[in-house]
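# Fold and geometry: a report
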Amino acid sequence: MQNKKTKELTLLAVLTALSVTFGFVAKIPTPTGLLTLVDAGIYFTAFYLGKKEGAIVGGLSAFLIDLLSSAPQWMFISLLIHGAQGYFAGFKGNYRILGLLIATIVMVGGYALASVFMYGTGASIAEVIPNFCQNALGLVVGWVCSQAGAAGAEGACFPDAPKQQQLKPADP
């Protein structure tokens, strides 16, 4: 039992570190903060592992990016917004589309609302489209990475990953 928890904790720590790295790869300053690729790591984790893990990686990675990027005024806001984004993005089955829609609304709307209180309505409105684009890009990159992970993992790093069928070469 302890070994499974240790593996899960280690995996979440590595995914959080990768998400923070994604956030630093493309850090675009805006009048009210930063646009990053952190959403790619959040969506990957949510698609691949589920809503609880998506929430943990989402909240922690966004919190750490704001801390390390000299944007401490956003740390706790990002913790809540990206944590909720990761949670909703992790919905499975028939609820997947609804979860992705809610995750997008939470991320874009959450930052718009927070920007109103911090910088005013004008700055908040100016951030809606860039935040939507950040979310959409993160969703696409996260989905592609999760599909690649499902195809190539074969249980090595992710024991719960769907197994792929082995193709046998045709007889000559």
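Before going into details, it helps to say that this report is about the structure given with it. Computed from a predicted structure; not experimentally measured. (Residues numbered from 1 in each chain as written. Predicted model: local features only at pLDDT ≥ 70, side-chain atom pairs only at ≥ 80, totals over all residues. Heavy atoms only, no water.)

## Digging into the nonpolar core
The nonpolar side chains of soluble globular proteins are, as a tendency, buried together. Applicable threshold: For this analysis, a nonpolar core means a set of buried residues of the types Ala, Val, Leu, Ile, Met, Phe, Trp, Tyr and Cys, connected via side-chain atoms within 4.5 Å. Relative accessible area decides the class of each residue, using a 1.4 Å probe on protein chains only: under 20% of the type maximum gives buried, over 50% gives exposed, and in between gives partly exposed. Helix and strand labels come from DSSP, where a helix needs a run of H or I of at least four residues and a strand needs a run of E of at least two; each type is numbered from the N terminus. A contact between two residues is defined here by any heavy atoms of the two lying within 4.5 Å.
Among the nonpolar cores identified, the biggest contains seven residues, and these are Ala71, Trp74, Ile81, Met107, Val108, Tyr111 and Ala114. In terms of residues, this core owes the most to one element, helix H5 (residues 96-119), which gives four residues. With residues up to four places along the chain from it excluded, the contact list for Val108 reads Val128, Asn131 and Phe132.

## Overview of the packing of aromatic side chains
Put simply, the rule reads: The rule is short: rings of Phe, Tyr and Trp, with Trp giving its six-membered ring, pair when the centres are within 6.5 Å, and they are stacked under 30 degrees, edge-to-face over 60, tilted in between.
Applying the stated criterion to the full structure yields eight aromatic pairs. With a centroid separation of 5.6 Å and 55° between ring planes, the pair formed by Trp74 and Tyr111 is classed as tilted. Remark: Tyr111 occurs in helix H5 and Trp74 occurs in the loop between helix H3 (51-68) and helix H4 (75-89); sequence separation between them is 37 residues. Each ring, one from Tyr87 and one from Phe91, has its centre 5.9 Å from the other, and the planes form 75°; the classification is edge-to-face. Given the relative accessible area of 35%, Tyr87 is considered partly exposed. Residue class for Phe91 comes out buried when judged on its relative accessible area of 17%. An aromatic cluster is defined as three or more aromatic residues linked by ring pairs; in this entry it consists of Trp74, Tyr111 and Tyr119.

## Focus: unusual backbone geometry
Positive phi is not limited to glycine here, since Ser70 has a value of about 60°. Among the structural elements, Ser70 can be located in the loop between H3 and H4. With a relative accessible area of 63%, Ser70 lands in the exposed category.

## Points about the packing of H4 against H5
Axis angle and axis distance: for two packed helices, these are the angle between their axes and the distance between the axes, and together they describe the pair. Just so we agree on the cut-off: Lines fitted to C-alpha atoms define the axes, with helix axes restricted to the stretch in contact, and inter-axis angles between N-to-C directions lie between 0 and 180 degrees. For this classification, under 35 degrees means roughly parallel, over 145 means roughly antiparallel, 65 to 115 means roughly perpendicular, and everything else is oblique. For any pair of crossing helices, the crossing counts as left-handed if the nearer helix is rotated counterclockwise from the farther one by less than a right angle, and right-handed if it is rotated clockwise. Three categories are distinguished: nonpolar for Ala, Val, Leu, Ile, Met, Phe, Trp, Tyr, Cys and Pro, charged for Asp, Glu, Lys and Arg, and polar for the others, with Gly belonging to the last.
It is the contact of H4 with H5, at a shortest axis distance of 7 Å, that shows an interaxial angle of 170°. Put simply, H4 runs roughly antiparallel to H5. H5 is crossed by H4, and the crossing has right-handed handedness. Side by side, H4 and H5 meet where Ile77, Ser78, Ile81, His82, Ala84, Gln85, Phe88 and Ala89 of the first sit next to Arg96, Gly99, Leu100, Ile102, Ala103, Val106, Met107, Gly110, Tyr111, Ala114 and Met118 of the second. Of the residues belonging to the contact of H4 with H5, the class tally is 13 nonpolar, five polar and one charged.

Any functional reading would require information that these geometric values do not contain.
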